[in-house]
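Survey of secondary and tertiary structure
In case you want the letters, here they are:
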Amino acid sequence: MVCRATAAARATAKNQARPTRAGENLGRTLFKMWRTEGRFGLSFFGAPVALLQALRRLGQAAFPAPTLQDWPGLIEAYRRWLPVSAATPVITLREGATPLIPAPVISERVGRGVKVFLKYDGLNPTGSFKDRGMTMAISKAKEAGSEAVICASTGNTSAAAAAYARRGGMRAFVLIPDGYVAQGKLAQALLYGAEVLAVKGNFDRALAIVREVADTYPVTLVNSLNPYRLQGQKTAAFEVVDALGDAPDWLCIPVGNAGNISAYWMGFNEYRDAGHCRTLPRMMGFQAAGAAPLVLGHTVEQPDTIATAIRIGNPVNRENALKAKAESNGDFMAVTDAEIIDAYKLLGSGEGVFCEPASAASVAGLLKRRDEVPTGATVVCVLTGNGLKDPTTAIEHNDSHFHTGIDPDMATVARVMGF
């Protein structure tokens with residue numbers, strides 16, 4: 001775990017080891033001189049080649065190349081926390097290790113010294129948090145000898161299932177609601193090599209079908225009913241604590257099928273029980289107003305929202321989510337499509353973060369409940385998917401100026417720019 005003390009010690013050591021400005025200049029000059037003469041076995045000022053090589057090392061130390069961490073993927077990174085063994089074939093695309101991004105504009109909107117961070121899981125390999133669960137589900141399916149997997153999906157699960165299944169040499173079948181999947185997600189599933197079946201019905205009906213298929217035929221279900229999915233997804237909570245040094249005061253998260261909020265709560269509890277964090281967050285789940293069964297307390301037969309990733313009316317992880325809410329003194333709340341789009345645009349134009357609309361429900365919810373956030377609290381908003389998943393919504397909902405038909409000369413361009 002990367003705690004604050006460790007980070008401070010590393011920063012101090014780095015500063016102590018950093019050469020002085022004069023040393024940097026000297027090293028840079030000597031290094032340039034070596035490059036022009038010493039690399040040919042010559043010397044300058046009569047110095048032997050051995051001395052030139054030493055000077056070269058000094059120059060390299062003065063301005064070293066940046067180093068990149070070789071992240072192994074979340075199964076290897078958190079192996080002792082996961083139900084895997086030496087017999088488990090790890091199917092990975094190096095998922096996990098996504099950034100926890102400070103959000104100063106949103107923090108200012110909330111006010112009172114509240115610090116807001118964005119856990120941007122849209123930077124996973126297939127562009128969503130689903131990769132965390134899928135690396136586990138597919139690895140365990142491969143270990144069990146499965147040759148095919150199946151899922152129902154609003155888009156992100158199908159992309160992740162297809163990518164990891166094909167990576168593991170397995171067939172992937174995905175059922176999607178016909179006409180209700182964002183184009184970016186459908187394109188991913190097709191390119192990864194999934195066999196896509198668009199059914200005349202919503203996600204909940206598609207899920208019922210794949211459950212029957214998995215019970216009847218030799219194919220493994222990889223929706224979040226699969227317990228290994230949540231095992232993989234809980235690692236996001238580990239990463240949040242590793243980055244902050246403790247759990248946040250609030251965790252704001254979009255809720256669709258309710259697997260992710262359940263997985264985060266599992267992860268925070270496991271880390272707390274092992275002494276890696278002292279506290280647990282309030283779990284604040286936000287649903288789209290047109291698809292809010294946990295808020296309403298009953299199934300929504302015809303869910304409807306612009307946030308396609310959470311357009312789910314009968315979440316299969318309902319009981320786990322209700323448990324997370326009760327144990328954390330959390331809450332569920334609905335946000336309208338208009339509030340989601342406002343937060344979506346704020347994230348893009350204010351924070352420079354492009355997420356898909358469903359992800360913005362976490363920020364929309366935080367802003368709606370901001371008066372309840374304790375002064376000086378730390379809040380993490382989970383952004384579950386990348387904005388490139390749904391480019392149509394971005395094009396249709398933005399406040400930018402898109403000038404077309406401009407004459408190709410500098411004067412015209414400058415005039416349009418306002419000069």
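Check the entry above for the structure.
Notes on the structure in this doc start here. (Residues numbered from 1 in each chain as written. Predicted model: local features only at pLDDT ≥ 70, side-chain atom pairs only at ≥ 80, totals over all residues. Heavy atoms only, no water.)

1. Some points on the environment of Gln233
Note the following rule: Helix numbers and strand numbers start at the N terminus; a helix is a DSSP run of H or I with at least 4 residues, a strand a run of E with at least 2. When checking whether two residues touch, look at their non-hydrogen atoms; a contact exists if any pair is within 4.5 Å. Counted as a polar contact is a pair of N or O atoms within 3.5 Å, where, for protein atoms, one must be capable of donating a hydrogen and the other of accepting one, and residues adjacent in sequence contribute only when both atoms are in side chains.
Note on placement: Gln233 falls in helix 10 (residues 227-233). Ignoring sequence-local partners within four residues, the contact set of Gln233 consists of Phe129, Arg132, Gly133, Gly259, Asn260 and Ala263. Polar side-chain contacts of Gln233 include one of 3.2 Å to the side chain of Asn260.

2. A word on the sheet that holds strand 4 (residues 171-177)
Our working rule: Strands pair, by our definition, only if DSSP identifies at least two bridges between them.
The four strands lie next to each other as 5-4-3-6, forming an open sheet whose pairing is parallel. The strands lining the two open edges of the sheet, one partner per strand, are strand 5 (195-199) and strand 6 (220-221). In this structure, strand 3 (residues 148-152) lies alongside strand 4, joined through five bridges in parallel fashion. What sits directly across from Ile150, in strand 4, is Phe173.

3. Focus on the packing of aromatic side chains
Short version of the rule: Whether two aromatic rings pair depends on their centres lying within 6.5 Å, for rings of Phe, Tyr and Trp, where Trp uses its six-membered ring; planes under 30 degrees apart make the pair stacked, over 60 edge-to-face, and the rest tilted. Only protein chains enter the accessibility calculation, which uses a 1.4 Å probe. A residue is then buried if its area is under 20% of the maximum for its type, exposed if over 50%, and partly exposed in between.
Applying the stated criterion across every chain, the model contains seven aromatic pairs. Geometrically, the ring pair formed by Tyr264 and Phe268 is tilted, given 6.1 Å between the ring centres and 40 degrees between the ring planes. Placement of both Tyr264 and Phe268 in helix 12 (residues 259-273) is noted, with a separation of four residues, approximately one turn of the helix. Judged by relative accessible area, Phe268 falls into the buried class, the value being 0%. Aromatic ring contacts, followed pair by pair, group Trp71, Tyr78, Trp81, Phe238 and Tyr271 into a single cluster.

4. Some details on the pairing of strand 3
This is how the line gets drawn: Crossover handedness is defined here as right-handed if the route from the first strand over the helix to the second strand goes clockwise, with the strands pointing away from the viewer.
Counting buried positions along strand 3 gives five out of five residues, so the element sits mostly inside the fold. Taking every second residue as pointing to the same face, both faces of strand 3 are buried, with Ala148, Ile150 and Ala152 on one and Val149 and Cys151 on the other. Assessed by its sense of winding, the connection that carries the chain from strand 3 through helix 7 (residues 156-167) to strand 4 is right-handed. Here strand 3 pairs with strand 6 via two bridges, running parallel. Of the residues in strand 6, the one forming a bridge with Ile150 is Leu221.

5. Looking at the environment of Asp242
Mapped onto the elements, Asp242 comes out in helix 11 (residues 235-244). The exposure class of Asp242 is buried, given its relative accessible area of 13%. Residues Asp242 and Cys277, spaced 35 residues apart in sequence, show a C-alpha to C-alpha distance of 8.9 Å. Among the polar contacts listed, one links the side chain of Asp242 to the side chain of Tyr78, at a separation of 2.7 Å.

6. Quick look at the environment of Leu225
Within the element layout of this structure, Leu225 appears in the loop between strand 6 and helix 10. Once residues within four sequence positions are removed from consideration, Leu225 is found in contact with Arg211 and Val316.

7. Side note on the pattern of salt bridges
Put simply, the rule is: A carboxyl oxygen of Asp or Glu within 4 Å of a side-chain nitrogen of Lys or Arg is what we treat as a salt bridge.
Counted according to the given criterion, the structure contains 15 salt bridges. With a closest N to O distance of 2.8 Å, Arg132 and Glu239 form a salt bridge. With Arg132 in helix 6 (residues 130-143) and Glu239 in helix 11, this pair connects stretches of sequence that are 107 residues apart. Among the residues examined, Glu239 registers a relative accessible area of 7% and is labelled buried.

8. Concerning helix 7
Operational definition: Expected span, for any helix, means 1.5 Å times one less than how many residues it has.
The end-to-end C-alpha distance of helix 7 is 17 Å, a good match for the 16 Å that 12 residues give at a rise of 1.5 Å each. The element helix 7 is largely enclosed, with a buried count of 10 among its 12 residues. Looking at helix 7, one finds that the buried residues are Asn156, Thr157, Ser158, Ala159, Ala160, Ala161, Ala162, Ala163, Tyr164 and Ala165. Trailing helix 7 by a residue or two, Gly169 shows a phi angle of about 75 degrees, which is positive.

9. Re the sheet that holds strand 7 (residues 250-254)
Test applied: Axes here mean lines fitted to C-alpha atoms, for a helix over just the part in contact, with angles spanning 0 to 180 degrees between N-to-C directions.
Read from one edge to the other, the open sheet built from six strands follows the order 1-2-10-7-8-9, with strand pairing classed as mixed. Here the strands that pair on one side only, and so sit at the sheet edges, are strand 1 (100-102) and strand 9 (331-335). Sheet twist, expressed as the mean angle between neighbouring strand axes with direction ignored, is 25 degrees. On top of the sheet, helix 15 (residues 337-351) reaches strand 1, strand 2 (115-120), strand 8 (282-288), strand 9 and strand 10 (378-383); it is set at about 90 degrees to strand 9, its chief contact.

10. Side note on the side chain of Asp246
With respect to the secondary-structure elements, Asp246 resides in the loop between helix 11 and strand 7. Overall, the relative accessible area of 7% leaves Asp246 in the buried class. At 2.8 Å, the side chain of Asp246 forms a polar contact with the side chain of Arg278.

11. Focus: the side chain of Asp204
To be explicit about the condition: Under the convention used here, Asp and Glu are negative, Lys and Arg are positive, and both His and the chain ends fall outside the count.
Mapping Asp204 onto the fold places it in helix 9 (residues 203-216). One buried charge, Asp204, has no salt-bridge partner; the nearest side chain with opposite charge is Arg318, at 7.8 Å. In contact with Asp204, not counting residues within four places along its chain, are Pro303, Ile312, Gly313 and Asn314.

12. Re the state of the cysteines
Note the following rule: Two cysteine sulfurs form a disulfide in these notes if their separation is within 2.5 Å.
Enumeration according to the criterion identifies zero disulfides in this entry. Between Cys381, a cysteine without a disulfide, and Cys252, which holds the nearest cysteine sulfur, the sulfur-to-sulfur distance is 4.5 Å.

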